[in-house]
Structure formats: C-alpha cells, structure tokens
Amino acid sequence: MKRRDIVIGVVVLLVVSGIVYWNQRNRSREELVVPETVSSSLEEALEEKFKIEIPEDVDKAELKDVSGGTASGIATRKFENSTYTHTIIADLPDLEGGTFYQSWLVKGEEGDNNFSLISTGRPRLGKGGWTLNFESKTDYSDHGKVLISLENKADNTPEKRILEGNF
C-alpha cells in the first residue's frame with residue numbers, strides 16, 4: 001500500500017507541476033503581444049495621400065467612422081519639453097453649407113465625475129484631406145479618446161459624431 005500511495009503522490013505532483021508550467025508559459029506569451037492601435041495599411045495610405053510621414057515616437061490612434069460612412073483618420077499625441085502636441089489627418093466627406101468639423105479630446109464617459117471634453121479646434125481642408133495641429137502647455141495625455149463631430153454654424157450645436165478613436 002505504501003508504494004502505491006507514493007506512486008499516486010508522485011503522479012499528482014507531476015500533473016500539478018505540468019499545469020503550473022503550462023499556465024506560466026502561456027501567460028508570458030500573452031504579455032509579449034503588443035496591441036497595435038493603428039493598422040499599418042491605413043497609416044501607409046494616409047501618409048501617401050497627405051505626402052507626410054507619421055513619426056514613430058508618438059502615440060497613435062486610428063479614427064473610425066461612427067456615422068455609417070467611409071471616413072477614416074489617424075490622431076497622434078506626444079507630451080515632450082512641457083508641450084502637448086496633438087495632430088489629426090483625416091479623410092472626411094465634403095461639408096455642406098452651414099456646417100464645420102470640430103475636434104475634441106475626451107476623458108472618461110459622459111455623466112462620470114471625471115468627464116472632460118477639450119476642444120482642439122477645427123480641422124482644415126488642405127492638400128490631401130483634413131488636418132489639425134494642436135499644441136498646449138497642459139498635458140492632456142489622460143484624455144484617451146479623440147472625437148471629430150459635425151457642427152452647425154448657426155447655433156454651434158453638434159449635429160453628429162463622425163470619427164472616434166482611442167489612444
């Protein structure tokens with residue numbers, strides 16, 4: 001009986017050790033996966049269209065159309081030397097009379113105590129599409145969401161959200 005108990009104990013220890021080893025191995029593989037926030041094909045397409053190169057040392061967010069259209073864009077941000085820099089390049093539909101695009105940095109969710117909405121200005125139509133450059137001495141790195149909305153000039157009211165993305 002003693003010998004049988006020892007064999008069973010060794011088998012149980014081997015099974016438990018194998019499970020622990022397998023879990024640790026899979027966990028370390030998961031930690032090595034780095035999520036990419038911007039698809040390389042979108043980045044390449046917009047760089048080609050705008051004839052610019054997006055720096056590698058910035059945070060990037062892919063802006064996706066939430067209005068049901070085909071608009072797209074990339075937002076970047078960086079806080080360096082006490083300056084927060086935020087840039088957007090976007091392929092947006094042409095505007096109808098009496099409307100304009102407005103860009104926003106968003107922290108939290110509407111209704112939350114920490115909700116904050118910062119206007120970064122109006123994207124401008126240029127060669128290739130719509131662009132926006134925003135600089136501030138305030139670090140807005142905690143504002144992890146970018147939003148571009150369509151606004152009405154007559155009463156400065158938002159008509160609808162067009163692009164959204166997260167850093």
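An account of the accompanying structure is given in this report. The structure presented is a predicted model; accordingly, all values stated were derived computationally and were not measured.

Details of the pattern of salt bridges
Pairs can form between side chains of opposite charge once their charged atoms are near each other. Per the stated rule, a full pass over the model turns up 8 salt bridges. Across the salt bridge formed by Asp57 and Lys78, the nearest N and O atoms sit 2.3 Å from each other. Remark: Lys78 occurs in strand E2 (residues 72-80) and Asp57 occurs in the loop between helix H2 (40-50) and strand E1 (59-65); sequence separation between them is 21 residues. Residue class for Lys78 comes out partly exposed when judged on its relative accessible area of 21%.

Let's talk about the nonpolar core
Ranked by internal contacts, the top residues of the largest apolar core, which has 19 residues, are Leu63, Ile88, Leu92, Tyr101, Ile148, Ile162 and Leu163. Listing elements by their share of this core, those giving two or more residues are strand E3 (83-91), strand E4 (99-107), strand E7 (129-136), strand E8 (145-152) and strand E9 (157-166). Excluding its chain neighbours within four sequence positions, the residues that come into contact with Ile148 are Leu63, Ile88, Leu92, Tyr101, Gln102, Ser103, Arg161, Ile162 and Leu163. Counting 7 residues, the second-largest nonpolar core is a separate cluster that includes Leu42, Leu46, Phe50 and Val58.

A word on the pairing of E2
For E1 and E2, the ladder comprises 6 bridges, and the chain directions are antiparallel. For Asp59, the partnering residue across the bridge sits in E2 and is Arg77. Hairpin connection of E1 to E2: 6 residues between the antiparallel strands, including Gly68 at a positive phi of 95°. The hairpin formed by E2 and E3 contains 2 residues between the paired strands, and Asn81 there has a positive phi angle of roughly 55°.

With respect to H2
Structurally, the α-helix is built with 3.6 residues per turn, so residues lying three or four positions apart point the same way. Of the positions making up H2, those classed as buried are Leu42, Glu43, Leu46, Glu47 and Phe50. All buried residues of H2 lie within an arc of 130° about the axis, which places them on one face of the element. Residues of H2 that are exposed and angled more than 90 degrees away from the buried face: Ser41, Glu44 and Glu48. Those residues of H2 that are buried lie in contact with E1, E2, E3 and E7. One or two positions beyond H2, positive phi appears at Lys51, with a value near 55°.

What counts as what
- Residues numbered from 1 in each chain as written.
- Predicted model: local features only at pLDDT ≥ 70, side-chain atom pairs only at ≥ 80, totals over all residues.
- Heavy atoms only, no water.
- Salt bridge = Lys/Arg side-chain N within 4 Å of Asp/Glu carboxyl O.
- Helix = DSSP H or I, 4+ residues; strand = E, 2+ residues; numbered from the N terminus.
- Buried < 20%, exposed > 50% of the residue type's maximum accessible area, 1.4 Å probe, protein only.
- Core = buried A, V, L, I, M, F, W, Y, C linked by side-chain atoms within 4.5 Å.
- Contact = heavy atoms within 4.5 Å.
- Pairing = 2+ DSSP bridges.
- Arc of directions from axis to C-beta.

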